[in-house]
Amino acid sequence: YGEDGVDPTKAAHLDCEGSTLRYMARNAEALGGRYEGLPNSDLKLAASDAKLVTKVQTQHDSTKLKVGDFVHARKLRLGSEWARGKLCLGWFDAVIKRCIDDGRYYDIQYVKDGTTASKVPLEVHFTNCGGRITAAE
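Given the structure is predicted, the values throughout are model-derived calculations rather than measurements.

**Side note on the nonpolar core**
Phase 1: Counting residues in hydrophobic clusters, the biggest one holds 11 residues: Val-71, Ala-73, Trp-82, Leu-87, Ala-94, Ile-96, Tyr-106, Ile-108, Tyr-110, Ala-117 and Val-120.
Phase 2: Looking at this core, the elements that each hand over two or more residues are β1 (70–73), β2 (92–100), β3 (105–110) and β4 (116–121).
Phase 3: Ranked by residue count, the leading element in this core is β3, at three residues.
Phase 4: Discounting chain neighbours no more than four positions away, the residues touching Tyr-106 are Leu-65, Ile-96, Arg-98, Cys-99, Ile-100, Ala-117, Ser-118, Lys-119, Val-120 and Leu-122.

Structure, rendered in structure tokens:
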């Protein structure tokens, strides 16, 4: 699996084109029997997660992360740019040391090895991952 968690051999099914979606709809029963979903994952759970994210993003500052909060964070394996191909696999326990730009970026310290990372973004949006333009790595 790549750092985005997508199996590269299945990435072709993520292009969201009409023909691919029709194929998946027509073969849903066969595909469902062959590929078992993650436990406790379904569309209702995804919808409730999306509502929760929207709610947290629109609430006041008390829901934002604060100095001293424990978080699970990604870690760069090289460079300082948070981009596809530059992240270590997995998540790492960390503590927030400083909030920057109204909670869009954070300075954190990783618990296990004590290393620090500066200006870690709250969210990173990867583009062109695992489609026909770029293959998932």
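Anyway, onward from the coordinates.
**Observations concerning a nonpolar patch on the surface**
Phase 1: Taken together, the side chains of Leu-21, Tyr-23 and Met-24 make up a nonpolar region of the molecular surface, amounting to roughly 270 Å² of accessible area.
Phase 2: For Met-24, the location among the structural elements is in helix α1 (residues 18–26).
Phase 3: By relative accessible area, Met-24 is classed as partly exposed at 32%.

**Here's the deal with the pattern of salt bridges**
Phase 1: Inspection of every chain in the model, using the stated rule, returns four salt bridges.
Phase 2: The partner of Asp-107 in a salt bridge is Arg-98, with the nearest N and O atoms 2.8 Å apart.
Phase 3: The exposure class assigned to Asp-107 is buried, which follows from its relative accessible area of 13%.
Phase 4: In this structure Arg-98 comes out as partly exposed when scored by relative accessible area, which is 46%.
Phase 5: The salt bridge involving Arg-104 is made with Asp-101; its shortest N-O contact spans 2.9 Å.

About the thresholds
- Residues numbered from 1 in each chain as written.
- Predicted model: local features only at pLDDT ≥ 70, side-chain atom pairs only at ≥ 80, totals over all residues.
- Heavy atoms only, no water.
- Core = buried A, V, L, I, M, F, W, Y, C linked by side-chain atoms within 4.5 Å.
- Buried < 20%, exposed > 50% of the residue type's maximum accessible area, 1.4 Å probe, protein only.
- Helix = DSSP H or I, 4+ residues; strand = E, 2+ residues; numbered from the N terminus.
- Contact = heavy atoms within 4.5 Å.
- Patch = residues over 30% accessible without salt bridge, like charges linked within 9 Å, V, L, I, M, F, W, Y side chains within 5 Å.
- Areas by Shrake-Rupley, 256 points an atom, 1.4 Å probe, with all protein chains shown as cover.
- Salt bridge = Lys/Arg side-chain N within 4 Å of Asp/Glu carboxyl O.

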